[in-house]
Amino acid sequence: MNRSDLITKESTFGIINHWALAISCIVLTISGFGFLFQIQGIGSAFSGFPAMKVVHNWTGVVFTASLFLSMFNWLKESLTFDSDDIGWILTAGGYLSHKAKVPPMHKLNTGQKFFYLTLLVSGFAIAATGFIIWLMPENKSMLVLSHFIHNVSFIVITAFIPVHIYLSTLGNPGTLRIMITGKIPYWWAKKKHPKWVRELEEGHGN
Ligand code: HEM
């Protein structure tokens, strides 16, 4: 294989799934902020608060479906840990020092795996409580608990997403192409994902 040959890191399913998840999450975050702080400007952008509620609820359905489907793409990889992950944490992924010797990674690095698992747990928590708030408004005690969990998960997700967007764009230039074309040059894959490339070359990776 030549240095500049392209290899597929993300399938078309993975790319469509990612953008459905990302766009729905951003629409939910913006409208969620609007509800939480009663921001009139955001309400007006959705033609008023009642219309924003309808958009928020149905976008929640898209988010939940995308989150569920994402498990076929990233869950197995995100639940696979070995001693290199401990090394990654101890060297902070090389983000704090260029001299740090970061252990070889597979298809996702340790930080990305934790990001996915956090998103999965908080995403399902926000989705389940969102459906309770939407569909069971008469159950008052359930409603109070659901609002609390919904808001805590909202804080977790909104704290992680900007970091994810920064690291996938300006923080690591060139990464965005993965979620546009699905492909990366061989030299890049070998540098950032040597364990995965080794498996591909041995004929048992995907
Ligand atoms: C809108 C701006 C966003 C951009 C530019 C972006 C970009 C990317 C890129 C380039 C990757 C591939 C990273 C790699 O394979 O090394 C990725 C992966 C991923 N993205 Fe996004 N993303 C965005 C928003 C989101 C949002 C809002 C979510 C969640 C709701 C999300 C969830 C994920 C997940 C779970 C992965 C796989 C795990 C990971 O690579 O961290 N993304 N994203």
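Quick note: structure is the one above.
Since the model is a prediction, treat every value here as computed from it, not as a measurement.

Novice: Got a minute to help me understand the overall build of the chain in this structure?
Specialist: If you tally the helices and strands in the chain, you get eight helices and two strands. Each helix and strand of the chain, ordered N terminal to C terminal, gives the series β-α-α-α-α-α-α-β-α-α. Seen along its three principal axes, the alpha-carbon backbone of the chain occupies a region of about 60 × 30 × 30 Å. Across the 206 residues of the chain, 39% fall into the buried class. When contacts within the chain are restricted to residue pairs at least 6 apart in sequence, long-range pairs at least 24 apart make up 66% of them. Here the chain displays about 12100 Å² of accessible surface, and carbon together with sulfur accounts for 71% of that area. Computed over 16 positive and 10 negative side-chain charges, the inter-centroid distance for the chain is 7 Å.

Novice: Please explain the nonpolar core as it appears in this structure.
Specialist: Across soluble globular proteins, nonpolar side chains show a tendency to be buried alongside one another. One finds L21, F63, L67, W74 and I161 to be the most contacted residues of the largest nonpolar core, which totals 17 residues. For this core, the secondary structure elements donating two or more residues are helix 1 (12-36), helix 3 (49-78), helix 5 (110-135) and helix 6 (140-168). For this core, the element with the most residues is helix 5, which contributes six residues. Among all residues touching W74, those that are not within four sequence positions of it are E10, H18, L21, L108, Y116 and M179.

Novice: Is there a simple way to think about the site of the ligand in this case?
Specialist: Surveying the vicinity of the ligand reveals 22 residues, the closest of which are K9, H18, Q112, H164 and T175. A distance of 2.5 Å separates an oxygen atom of the ligand from a polar atom in the side chain of K9. One of the side-chain N or O atoms of H164 is found 2.8 Å from a nitrogen atom in the ligand. Elements supplying a minimum of two residues to the shell around the ligand: helix 1, helix 5 and helix 6. Looking at the shell around the ligand element by element, the count peaks at six residues for helix 1. For the shell around the ligand, the residue count by class is 15 nonpolar, six polar and one charged.

Novice: What is the right way to look at the packing of helix 3 against helix 5 in this model?
Specialist: Between two packed helices, both the angle of their axes relative to each other and the distance between the axes serve to describe the pair. Running from amino to carboxyl end, helix 3 crosses helix 5 at an angle of 150 degrees, the nearest separation of the two axes being 10 Å. Between helix 3 and helix 5, the angle is such that the two are roughly antiparallel. In this structure, the crossing between helix 3 and helix 5 has a hand that is left-handed. Class assignment of the residues belonging to the contact of helix 3 with helix 5 gives a composition of 17 nonpolar, six polar and two charged.

Novice: What is the right way to look at the pattern of salt bridges in this model?
Specialist: Scanning all chains against the criterion turns up four salt bridges. Among the ionic pairs, K190 bridges to E201, the shortest N-O distance being 3.9 Å. Within this pair, whereas K190 is found in helix 7 (residues 186-192), its partner E201 is found in helix 8 (residues 194-202), the two being separated by eleven residues in sequence. Classification of K190 by relative accessible area gives partly exposed; the value is 41%. Shared partners join several salt bridges into a network, and the residues in it are D82, D84 and K195.

The rules behind each value
Residues numbered from 1 in each chain as written. Predicted model: local features only at pLDDT ≥ 70, side-chain atom pairs only at ≥ 80, totals over all residues. Heavy atoms only, no water. Helix = DSSP H or I, 4+ residues; strand = E, 2+ residues; numbered from the N terminus. Buried < 20%, exposed > 50% of the residue type's maximum accessible area, 1.4 Å probe, protein only. Contact = heavy atoms within 4.5 Å. Areas by Shrake-Rupley, 256 points an atom, 1.4 Å probe, with all protein chains shown as cover. Lys, Arg positive; Asp, Glu negative; His and termini not counted. Charge placed at Lys NZ, Arg CZ, Asp CG, Glu CD. Core = buried A, V, L, I, M, F, W, Y, C linked by side-chain atoms within 4.5 Å. Near = heavy atom within 4 Å. Polar contact = N/O pair within 3.5 Å; in protein donor to acceptor, adjacent residues only side chain to side chain. Nonpolar A, V, L, I, M, F, W, Y, C, P; charged D, E, K, R; others polar. Axes fitted to C-alpha atoms, helices over the stretch in contact; angles between N-to-C directions. Parallel < 35°, antiparallel > 145°, perpendicular 65-115°, else oblique. Left-handed = near helix turned anticlockwise from the far one by under 90°. Salt bridge = Lys/Arg side-chain N within 4 Å of Asp/Glu carboxyl O.

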